[in-house]
Structure formats: structure tokens, C-alpha cells
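Listed below are the residues making up each chain.
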Amino acid sequence: MSTYEVRYLVVAGELWLRATTHPRAVWFADFSERPRAWREPYDGGLPLHGSVPGARWELDVRGDERPFAYTPRALRPVASTQVVVERPSVVVDGVVEIDGVRRELDGARGQIAHVLGRRHADRWGWFHAALPDGGWLDGLVARVPHLPRVSFHVRDGRRVWARGSAEPGRMRVGPFVVSAADEDFVGVTYRDPDGTELWCWHTERARLTGGGLDVDGVALEYGSRAKVDGWPISI
């Protein structure tokens, strides 16, 4: 059975870097000004040093924690997608250049994860927040085949199952609400191994509130097997 595989890095308020096998490509999205996204053919692991026409990056990543698996062990044999946050909270230094304009990253916060499976979820909302105390907070609301809707938040490796909902530009899980304006997103096209298309809208500019927190520069995305009216697709 065919499978897909993804590794990605998110950097709070700055960028989204992604290497995929369906198609074999590197994706780079920049959020420093008007959000922009690129996709170019690529066959390899997550390229911390790389370029696409109009953009280049040289990134150094430090910091390590115990990996966290989104899918509980008991559900892994039937889950169509597995997510392992390999490095839940990292610090990123380096250089990003967009259309010849250079900027430096010095101690930016981020996360690296590995996604693999037979089929993407039917619909999902996801967020990652780098917290002021140095910790991290993720949230997921997902509907996948053959399983009930999954909804939880996890802080520094401690999962809490909670009610949640997701829609374009906004998600809620437990006490946390994460939202961003539609102009802060890039829209991208995903493909299952069988070629079926689905769509994802991603930003690094969301705001998280609730549970005693108020954090900007949060990664937020919404994915669906249906396009959303008024929400463009960049790549």
C-alpha cells in the first residue's frame, strides 16, 4: 500500500518549511510581510539550508526534548495518519532572504515534526504555540476514516482530551481559542498517495487566548477535502 511522508519545521511568526513525498517537493512559506509560498521539486530530508526561486534560507536548529506522538499507541494500527513531534520546542538561528532582502533569525522559537500515513485526514484544525515560559502547546481537532473525531491539546508532553471545533481561520480546543485573519494565510494543495487532492490553509501569525495565556506568532492551519469559498490557493 502506498504511503506519504512529510517532515516540517515551523518558526513562530516567520516561516513554514516542509519536505514531502507526494509530490516529492520542498515547500517554503514566508510570513515576514505578505504571506507567500513556494513549492519546488526536491527529493530528500528537511533542507535546513536551501533555496527556491526568489527565496533562500540557512537555518541552524538547537534544542531537544522527548518526542511526542499524536496518535495513541492503541489507535496506531488503524490510524491512516501518524504524527510524531520529533523536536517539540527548538530554537532557530540563521538567515532568510526573500527577493534579495535579507533578515536574520536569532533565537526564534519553532518545532520539527514527522507525518506519515496512507491517507490524510478528511478535515482538521491544528495549532502550535511557543510559550513565554519556554514551553510549548499544541492542539488538534481531526476527523479521520473509521475513527471518532479526535480532539485534544498537549502542553509540554501532557495530553488532555477535550471538546474542540475547527473552521477556516479559527479553532477551539478545551479552554484555548486560536484565530487569524484570512489574509494571514497561505493556501496549499495536498495529495494522498492515490492522487486525491485536498487543501490546507496555514499561517504563522495566529493569536492564542485562554487558559491564562495570550500568545502571538502561533502556527495555525485548517485542512479539508473541500475548497473554502473566498480562501485562495497559493500553490
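Note that this is a predicted model, so its numbers are computed, not measured. (Residues numbered from 1 in each chain as written. Predicted model: local features only at pLDDT ≥ 70, side-chain atom pairs only at ≥ 80, totals over all residues. Heavy atoms only, no water.)

Quick notes on the overall build of the chain
For the chain, the helix and strand inventory stands at zero helices and 19 strands. At 16 Å, the chain has a C-alpha radius of gyration in line with the 18 Å of a compact globule built from 235 residues. On the principal axes, the C-alpha backbone points of the chain span a range of 50 × 45 × 35 Å. At a minimum sequence separation of 6, the contacts of the chain that also span at least 24 residues come to 55%. Put simply, the chain shows about 10,700 Å² of open surface, and 48% of that area lies on carbon and sulfur atoms. The chain carries 31 positive and 32 negative side-chain charges, and their two centres are separated by 7 Å. (Helix = DSSP H or I, 4+ residues; strand = E, 2+ residues; numbered from the N terminus. Rg over C-alpha atoms; globule rule 2.2 N^0.38 Å. Contact = heavy atoms within 4.5 Å. Areas by Shrake-Rupley, 256 points an atom, 1.4 Å probe, with all protein chains shown as cover. Lys, Arg positive; Asp, Glu negative; His and termini not counted. Charge placed at Lys NZ, Arg CZ, Asp CG, Glu CD.)

Digging into the packing of aromatic side chains
What the rule picks out here adds up to twelve aromatic pairs. When the centroid spacing of 6.4 Å and the interplanar angle of 25 degrees are considered together, the rings of Trp201 and Tyr222 count as stacked. Here Trp201, found in strand E18 (residues 197–210), pairs with Tyr222, found in strand E19 (residues 213–224); they are 21 residues apart in sequence, far enough to count as distant. The exposure class assigned to Trp201 is buried, which follows from its relative accessible area of 2%. By way of ring pairs, the aromatic residues Phe68, Tyr70, Trp136, Phe152 and Trp161 are connected into one cluster. (Phe/Tyr/Trp six-rings, centres within 6.5 Å; stacked < 30°, edge-to-face > 60°. Buried < 20%, exposed > 50% of the residue type's maximum accessible area, 1.4 Å probe, protein only.)

Side note on the nonpolar core
In this structure, Tyr8, Trp16, Tyr70, Trp124, Trp126 and Tyr190 are the most contacted members of the largest nonpolar core, which totals 33 residues. Of all the elements, strand E1 (residues 4–11) adds the most residues to this core, at four residues. (Core = buried A, V, L, I, M, F, W, Y, C linked by side-chain atoms within 4.5 Å.)

Brief notes about a positive patch on the surface
On the surface, Arg123, Arg143, Arg149 and Arg163 cluster together into a positively charged patch. Relative to the elements of secondary structure, Arg149 occurs in the loop between strand E11 (136–143) and strand E12 (150–155). (Patch = residues over 30% accessible without salt bridge, like charges linked within 9 Å, V, L, I, M, F, W, Y side chains within 5 Å. Salt bridge = Lys/Arg side-chain N within 4 Å of Asp/Glu carboxyl O.)

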